[in-house]
Amino acid sequence: MSLLKYGFFKVKVESLFWVLIRTRILRHMATEMRLDMRGDGFVKVEDLLNLNLKTSANVQLKSHTVDEIREAVRRDNKQRFSLVEEDGELLIRANQGHSIT
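Being a predicted model, the structure only gives us computed values, none of them experimental.

Each helix and strand counted, the chain has three helices and three strands in total. Expressed as a percentage of the 101 residues in the chain, the buried residues total 37%. Looking at the chain alone, contacts between residues at least 24 apart form 56% of all its contacts between residues at least 6 apart. When the accessible area of the chain is evaluated, it comes to approximately 6500 Å², of which 48% is carbon and sulfur surface.

If you want it as structure tokens, here you go:
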């Protein structure tokens, strides 16, 4: 990967990370955003990426990839999110602060 591409990837992943935190999608807004959240707080990453939202870098959430979600979660030193793969699908959840039942 060239340095230019790596720089864009880094900014894109960082803005994705912040949209997950700032918008509180996975903690409080899943129902409002029409995400199908399981009882344990997990939602499909593909469903999350299909939301009509933009990141702080003004990039459509839809333009992000599953690998970028993985990288955003990996880079979170506070471990705010968990990923699990089940039946070939990647799921994500916020580890704390759910207000959705």
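Taken as a whole and assessed by the stated rule, the structure comprises seven salt bridges. Among the salt bridges present, the one from Arg 70 reaches Glu 85, with a minimum N-O distance of 3.2 Å. Here Arg 70, found in helix H3 (residues 66-75), pairs with Glu 85, found in strand E2 (residues 81-86); they are 15 residues apart in sequence, far enough to count as distant. We classify Arg 70 as partly exposed; its relative accessible area is 34%. For Arg 74, the salt bridge goes to Glu 71, with nearest N and O atoms at 2.5 Å. Here Arg 74 and its partner Glu 71 are both found in helix H3, three residues apart, which amounts to about one turn of the helix.

Basis of the calculations
Residues numbered from 1 in each chain as written. Predicted model: local features only at pLDDT ≥ 70, side-chain atom pairs only at ≥ 80, totals over all residues. Heavy atoms only, no water. Helix = DSSP H or I, 4+ residues; strand = E, 2+ residues; numbered from the N terminus. Buried < 20%, exposed > 50% of the residue type's maximum accessible area, 1.4 Å probe, protein only. Contact = heavy atoms within 4.5 Å. Areas by Shrake-Rupley, 256 points an atom, 1.4 Å probe, with all protein chains shown as cover. Salt bridge = Lys/Arg side-chain N within 4 Å of Asp/Glu carboxyl O.

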